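Listed below are the residues making up each chain.
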Amino acid sequence: MGFSYPGFTYRNDRLHVEGLALEDIAARHGTPCYVYSREAIESAYREYERALAGRPALIAYSVKANSNLAVLNVMSRLGAGFDIVSGGELSRVLAAGGDPRKVVFSGVGKTEDEIAAALEAGILSINLESPEELERVDGVAGRLGKVAPIAFRVNPDVDARTHPYISTGLKKNKFGVAYADAERLYRDAAHRPHVRTVGVGCHIGSQLTGAGPFVAAAERMLALVQRLDKAGIALEHIDLGGGVGIRYKDETLEPVAAFLDGALGMLAGRKETLIVDPGRSLVGNAGVLLCRVEYVKHGEAKNFLVVDAAMNDLIRPALYNAWHEILPARKDSGPGAVYDVVGPVCETGDFLGHERRLAASAGDLLAVMSAGAYAMTMSSNYNSRPRAPEVLVDGSEMHLVRERETVAELFAKERVLL
Ligand code: LLP
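Residues numbered from 1 in each chain as written. Predicted model: local features only at pLDDT ≥ 70, side-chain atom pairs only at ≥ 80, totals over all residues. Heavy atoms only, no water.

Can you walk me through the overall build of the chain in this structure?
On a plain count of helices and strands, the chain comes out with twelve helices and 21 strands. Over its C-alpha atoms the chain spans a radius of gyration of 23 Å, differing by no more than 12% from the 22 Å that the globule rule assigns to 418 residues. Across the 418 residues in the chain, those meeting the buried criterion constitute 54%. Partitioning the intrachain contacts of the chain with sequence separation of at least 6 by distance along the chain shows that 71% fall at a separation of at least 24. Within the structure as shown, the chain displays about 18000 Å² of accessible surface, and the carbon and sulfur contribution to it stands at 50%. Of the charged side chains in the chain, 47 are positive and 53 negative; the average position of the first set lies 2 Å away from that of the second. (Helix = DSSP H or I, 4+ residues; strand = E, 2+ residues; numbered from the N terminus. Rg over C-alpha atoms; globule rule 2.2 N^0.38 Å. Buried < 20%, exposed > 50% of the residue type's maximum accessible area, 1.4 Å probe, protein only. Contact = heavy atoms within 4.5 Å. Areas by Shrake-Rupley, 256 points an atom, 1.4 Å probe, with all protein chains shown as cover. Lys, Arg positive; Asp, Glu negative; His and termini not counted. Charge placed at Lys NZ, Arg CZ, Asp CG, Glu CD.)

Printed below as a string of structure tokens:
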């Protein structure tokens, strides 16, 4: 199995991101630290672009995966649109120079303020998830004297066959409107003065490894679009969501083109814009979490590498039992030993990897791979740990794109009683 992290390679036994050794980045910015490769992001984006060439399409990057302004700006320059789920994400997109006309807004709990901000910004589509939300958006738009562009996020009831926490397209999930109700909702929307129906959307889940469920969802959506067409409700776009998986360990994955192939075949000849909103597959393997071994601890039953990154920096192992590769920044010879790689947080669930063979000593640097998506964006300050900085590497340049938080910042908004 080859080394499958575009943008990351060993050169002279040192792990490099593009033209820079991770050791040099740690020397400059300290650890823990997230490091991203611009080249890796761009090449992942181009893969989508190639797969979608030849038909009207929009790649709406899912901001929740990695919302650093520099990352959003790279996406924006590539021509990407954005899939957002909050007013906060909208503000980030605008601050990063993203085009609001390419923004789709999903999420089950949009507030009136968030809806108003989206309408003021002039986004492409508000993806509604309930009849109550249709009511609310119609009302907010009316008060602002606007017409809201809307789509319904329809739950296609397809099993994504992924981790239950990131599976979203089943009847029992909270997302979207029921497939059986969709047509009625579109008819209802058609009579409302302050909404304009522009599309339909779905998203069945994340970290899909095969195209099967994605194609099944596309088929259901297309059948709906055809019925709407017959009823005189024409749409401008079909949003099939994100969900394309990445290789964390030894998963065999279908390439992006294979994921999209089925849907592209079905949509051939149709005029609607195909929207996809990938997150993980654009940035996941473009980033690492760089950390340093503080202690090698020999426990009674296990050996531990206690590192300076923790579950607050990368919660995926604790939350989903996710597996992330852990590689030494400097290749070590020797057999090493089997370790649990753990952080300093006071939780047994605070681990980055279980039972990894590594030849590491205190002071060594480790790279937790596949940390470009859902790492920093899911981080917290638990145990009063300041958030780690983010560095975006571009060729042989390192750019600090978010400074390390200070402890003073963590409690700057707190007050003691007088
Ligand atoms: N579109 C919608 C409407 C979504 O809800 C999501 C992700 C995406 C697109 C992007 O999915 P992606 O291409 O990244 O799979 N924290 C979890 C993942 C949660 C995904 C939630 N929705 C994790 O770390 O695995």
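Alright, that's what it looks like, and here's the rest.
Sorry, what's going on with the site of the ligand here?
Among the 19 residues in the neighbourhood of the ligand, the closest are listed as S206, D277, R316, Y320 and Y374. Between an oxygen atom of the ligand and a main-chain N or O atom of G243, the distance comes to 2.8 Å. At a separation of 2.6 Å, an oxygen atom of the ligand approaches a polar side-chain atom of Y374. Within the complex, 92% of the 590 Å² of free accessible area of the ligand lies under protein. Both domains that meet at the shell around the ligand, namely domain 1 (8-37 + 284-410) and domain 2 (106-278), each give it at least three residues. (Near = heavy atom within 4 Å. Polar contact = N/O pair within 3.5 Å; in protein donor to acceptor, adjacent residues only side chain to side chain. Domains from an automatic or database assignment.)

What am I meant to see in the pairing of strand β11 (residues 195-201) here?
Consecutive side chains of a regular strand alternate in pointing toward one face of the sheet and then the other. The element β11 is largely enclosed, with a buried count of six among its seven residues. Pairing geometry for β11 and strand β12 (residues 237-239), over three bridges, is parallel. Within β12, the position partnered with G199 by the bridge is H237. Following the chain from β11 across helix α8 (residues 212-230) to the adjacent parallel β12, one finds a crossover that is right-handed. (Pairing = 2+ DSSP bridges. Right-handed = clockwise from strand over helix to strand, strands pointing away.)

What is the right way to read the domain arrangement of the chain from this model?
Buried accessible area, meaning the area lost when the parts come together, often serves as the stated size of an interface. Each assigned domain of the chain is listed with its residue range as follows: domain 1 (8-37 + 284-410) and domain 2 (106-278). The partner domain 2 presents eight residues to the ten residues of domain 1 that form the contact. With both chains or domains summed, domain 1 and domain 2 bury close to 790 Å², and 61% of this area falls on carbon and sulfur atoms. When residues of domain 1 are sorted by the area they lose upon contact with domain 2, N285, Y320 and W323 head the list and together hold 57% of the total. At the junction of domain 1 with domain 2, the criterion picks out zero salt bridges. The tally of links between domain 1 and domain 2 comes to two residue pairs in polar contact (both at pLDDT 80 or more). For the side of domain 1 that touches domain 2, the class distribution of residues is four nonpolar, four polar and two charged. (Buried area = accessible area lost by both parts, 1.4 Å probe. Salt bridge = Lys/Arg side-chain N within 4 Å of Asp/Glu carboxyl O. Nonpolar A, V, L, I, M, F, W, Y, C, P; charged D, E, K, R; others polar.)

Sorry if this is basic, but what is going on with unusual backbone geometry here?
With the exception of glycine, the majority of residues adopt a negative phi angle, and the majority of peptide bonds are in the trans configuration. The omega torsion of the bond from T31 to P32 falls at -10°, within 30 degrees of zero and hence cis. Following the sequence through the fold, P32 ends up in the loop between α1 (22-29) and β4 (33-37). If you check the backbone angles, E355 has positive phi at about 50° while not being a glycine.

Looking at this structure, how should I read α1?
An α-helix turns once every 3.6 residues. As a result, residues three or four positions apart point the same way. All of the buried residues in α1 are L22, E23, I25, A26 and H29. Buried residues of α1, viewed axially, fall in a sector of 160°; they line one side. Pointing more than 90 degrees away from the buried face of α1 are the exposed residues A27 and R28. G30 sits one or two positions beyond α1 and adopts a positive phi of about 75°. (Arc of directions from axis to C-beta.)

Is there a simple way to explain the environment of C291 in this structure?
Assignment of secondary structure puts C291 in strand β14 (residues 287-298). Between the alpha carbons of C291 and L365 there is a distance of 5.7 Å; along the sequence they are 74 residues apart.

Please clarify how the sheet that holds strand β2 (residues 14-17) should be interpreted in this entry.
Note on sheets: strands pair through backbone hydrogen bonds, and any given pair is parallel or antiparallel. Strand order in this open sheet of three strands is β1-β2-β3, and the pairing throughout is antiparallel. Among the strands making up the open sheet, the edge pair consists of β1 (8-11) and β3 (20-21).

What is the right way to look at the packing of α8 against helix α9 (residues 256-267) in this model?
Each packed pair of helices is defined by two parameters, the angle between the axes and the distance between the axes. Interaxial distance between α8 and α9 falls to 8 Å at its minimum, and their mutual angle equals 20°. Put simply, α8 runs roughly parallel to α9. In this structure, α8 meets α9 at a crossing whose hand is right-handed. Where α8 abuts α9, its residues F214, V215, A218, E219 and L222 lie against F259, L260, G262, A263, M266 and L267. A breakdown of the residues in the contact of α8 with α9 according to their chemical character gives nine nonpolar, one polar and one charged. (Axes fitted to C-alpha atoms, helices over the stretch in contact; angles between N-to-C directions. Parallel < 35°, antiparallel > 145°, perpendicular 65-115°, else oblique. Left-handed = near helix turned anticlockwise from the far one by under 90°.)

Would you mind showing me how to read the pattern of salt bridges here?
The full count for this structure, using the stated rule, is 25 salt bridges. With a shortest N-O distance of 3.9 Å, E272 and K271 are connected by a salt bridge. Two residues, R402 and E405, come together in a salt bridge whose shortest N-O distance is 3.2 Å. Note on R402: relative accessible area 27%, which makes it partly exposed. Connected through salt bridges with shared partners, the residues E135, D138, D188 and R192 form a single ionic network.

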